[in-house]
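Next come the chains, spelled out residue by residue.
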Amino acid sequence: MSAGLRIPDAAPGARVLAFGDYRPARVVTNDELAQTVETDDAWIRSRVGIRERRIAADDEGIVELGVHAGGKALANSGLDPSDIDLVILATCSAESPMPGHAAQVAHRLGIDAPGAFDLNAACAGFCYALATAGAAVRAGSARNVLVIGSEKMSQWVDWTDRSTCIIFADGAGAAVVTGSDSPGIGPVVWGSAGDKWDKIIIADRNASIRQEGQAVFRWATTAIAPVAAEACERAGITPQDLAAVVPHQANLRIIEAIARRLKATNAVVADDIVHSGNTSAASIPLALSRMIERGDVPSGAPALLVGFGAGLSYAAQVIQIP
Ligand code: UT7
């Protein structure tokens, strides 16, 4: 009879050690967009909440953006590149499907031969990647994981389509996940609605992003708050215990609707969309990085992260703010 296989010692918990972010230098205002498509600042602010967004330079791709954000998270963590043994990069806007970008980002950061893979869960990608990183650390498959959300949505936008070009933007955010004695990343609640697969799509290699805005809006404002509430319950806290609510930065009205339904009355609600636009898998770490840098949220307090978007896919978890 087999004695079974040996497995590594597991860490009791996982936590986020540090965040990092990168916003490309170029700021594109609503007025600038109004010069090329029929729209105006007042419409965009009232329907979406965006005042300006960042658009990457021609020579800034998924790798470049990811290196900036990942490098900052690594520096903030105090770890050495040699301490990282897994890199997960969430993106849905890659220039090409192969190779994945995580290995190149790791190489550029001086991380030697880590496990490396890309993950596509669209705007929920960062939460999926964070959950995967936490599970890898708890299972003993990795000591420290660099998780990156990196997006260059601008290269998949039809700049003559006013219903999408005013929304999507570029940027990257990252987190370093490590082992801990007590859990700092709560259980993930993830799921999907594949019957709505065609509500946000890039149909083929020559296509641009199309979405049925109102259908996605309805879904996001009804289906996502219960997911967020369940993430709190599974983490053993109430929404009133939250110091921060960080939804994917899709639309300020969606963000406010989720926070209202969740009744997270003591939480600061992320509104990074106002200045950064919708950066898909990058939006949650971009928003939380800035909140931490500004001192908006106390270290050690619980923050709810909830991502949702194309797939349709969603994921939420509560984390302790590093
Ligand atoms: O991150 C991935 C997840 N994505 C989302 O969560 C997106 C969810 N959806 C939304 O955020 C919103 O549906 C949009 C921001 C995409 C659109 O806002 P809306 O309030 O749902 O507008 P609408 O699509 O119902 O359009 C209302 C009107 C239309 O004109 P008519 O047909 O009423 O004459 C549009 O043609 O607004 C028009 N419109 C615009 N007008 C000025 C659409 N885009 C624009 C624009 N400027 N940029």
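Note that this is a predicted model, so its numbers are computed, not measured. (Residues numbered from 1 in each chain as written. Predicted model: local features only at pLDDT ≥ 70, side-chain atom pairs only at ≥ 80, totals over all residues. Heavy atoms only, no water.)

Asks: How should the nonpolar core be read in this particular structure?
Replies: Side chains that are nonpolar tend, in soluble globular proteins, to be buried together. Of all hydrophobic cores here, the largest spans 46 residues; its most connected members are Trp219, Leu242, Leu304 and Phe308. Going through the elements one at a time, helix H7 (213-235), helix H8 (252-262), helix H9 (273-276), strand E13 (302-309) and strand E14 (313-320) are the ones with two or more residues in this core. Top contributing element to this core by residue count: H7, with eight residues. The two domains that each donate at least three residues to this core are domain 1 (13-180) and domain 2 (189-321). In contact with Leu242, not counting residues within four places along its chain, are Cys232, Ile237, Leu262, Ala264, Asn266, Ala267, Pro302, Ala303, Leu304 and Val318. Formed by 41 residues, the second largest nonpolar core is a distinct cluster that contains Ala244, Ala301, Ile319 and Ile321. (Core = buried A, V, L, I, M, F, W, Y, C linked by side-chain atoms within 4.5 Å. Buried < 20%, exposed > 50% of the residue type's maximum accessible area, 1.4 Å probe, protein only. Helix = DSSP H or I, 4+ residues; strand = E, 2+ residues; numbered from the N terminus. Domains from an automatic or database assignment. Contact = heavy atoms within 4.5 Å.)

Asks: Would you mind showing me how to read the sheet that holds strand E12 (residues 268-269) here?
Replies: For sheets, the rule is that strands pair by backbone hydrogen bonds, running either parallel or antiparallel. An order of E8-E14-E13-E11-E12 is seen for the five strands of this open sheet, with the pairing classed as mixed. Each edge of the sheet is formed by a strand with only one pairing partner; in this case those strands are strand E8 (189-192) and E12. Bridge count for strand E11 (residues 244-247) against E13 is four bridges, and the pairing is parallel. Each bridged residue has a counterpart across the sheet, and for Pro247 the counterpart in E13 is Val306. Where H7 meets the sheet, its contacts fall on E8, E13 and E14, and the angle it forms with E14 comes to roughly 35°. (Pairing = 2+ DSSP bridges. Axes fitted to C-alpha atoms, helices over the stretch in contact; angles between N-to-C directions.)

Asks: Hey, could you run me through the side chain of His101 in this one?
Replies: Mapped onto the elements of the fold, His101 is located in the loop between strand E4 (86-90) and helix H4 (102-108). When its relative accessible area of 7% is taken as the criterion, His101 is described as buried. Polar contacts involving the side chain of His101 include one to the side chain of Glu95, which spans 3.4 Å. Apart from residues lying up to four places away in sequence, His101 is in contact with Ile62, Val63, Leu89, Ala94, Glu95, Ser96 and Asp118. (Polar contact = N/O pair within 3.5 Å; in protein donor to acceptor, adjacent residues only side chain to side chain.)

Asks: Which parts of the structure should I look at to understand the sheet that holds E4?
Replies: Strand order in the open sheet made by the five strands is E1-E7-E6-E4-E5, with mixed pairing throughout. For this open sheet the edge positions go to strand E1 (13-22) and strand E5 (115-119), each flanked by a neighbour on one side alone. Adjacent strand axes in the sheet meet at a mean angle of 20°, parallel and antiparallel pairs treated alike. Relative to strand E6 (residues 144-152), E4 is paired through five bridges, and the arrangement is parallel. The residue of E6 that forms the bridge with Ile88 is Val147. Here helix H3 (residues 62-77) sits on the sheet in contact with E1, E4, E6 and strand E7 (170-180), set at roughly 125° to E1. Contacting E1 and E7, helix H10 (residues 283-294) runs over the sheet at an angle of about 90° to E1.

Asks: Help me understand the pattern of salt bridges, please; the structure alone is not making it clear to me.
Replies: Pairing is possible between side chains of opposite charge, provided their charged atoms come close. Per the counting criterion, the structure on display carries 15 salt bridges. Here Asp41 makes a salt bridge to Arg45, at a shortest N to O gap of 3.1 Å. Note that Asp41 and Arg45 are positioned in helix H2 (residues 41-47) at a spacing of four residues, about one turn of the helix. A salt bridge links Lys72 to Glu293; the nearest nitrogen and oxygen atoms lie 2.7 Å apart. One end of the pair, Lys72, is in helix H3; the other, Glu293, is in helix H10, with 221 residues separating them in the sequence. Using a relative accessible area of 28% as the deciding quantity, one classes Lys72 as partly exposed. (Salt bridge = Lys/Arg side-chain N within 4 Å of Asp/Glu carboxyl O.)

Asks: Where do I start with the site of the ligand in this structure?
Replies: In the region of the ligand, 22 residues are neighbours, and Thr39, Arg47, Gln214, Asn251 and Asn278 sit closest. Contact between the ligand and Arg47: an oxygen atom at 2.8 Å from a side-chain N or O atom of the residue. Note that an oxygen atom of the ligand is positioned 3.0 Å from one of the side-chain N or O atoms of Arg253. At the level of secondary structure, the elements contributing two or more residues to the shell around the ligand comprise H2, helix H6 (162-165), H7 and H8. (Near = heavy atom within 4 Å.)

Asks: What is the right way to look at the UniProt feature "domain: Beta-ketoacyl-[acyl-carrier-protein] synthase III C-terminal" (unreviewed entry) in the protein chain in this model?
Replies: UniProt tags residues 232-321 as "domain: Beta-ketoacyl-[acyl-carrier-protein] synthase III C-terminal" (unreviewed entry). Spanning residues 232-321, this segment combines 34% helix with 24% strand, and its end C-alpha atoms are found 15 Å apart. (UniProt positions renumbered as here; feature names shortened; annotations may be inferred.)

Asks: Help me understand the UniProt feature "active site" (unreviewed entry) in the protein chain, please; the structure alone is not making it clear to me.
Replies: Within this structure's numbering, the places UniProt gives as "active site" (unreviewed entry) are Cys123, His248 and Asn278. Over a stretch of 156 residues, the named residues converge on one spot in the fold, their C-alpha atoms separated by at most 9.0 Å. Topologically, Cys123 is positioned in the loop between E5 and helix H5 (125-138). The residues contacting Cys123, other than those within four sequence positions of it, are His248, Asn278, Ser280, Ala281, Gly307, Phe308 and Gly309. For His248, the location among the structural elements is in the loop between E11 and H8.

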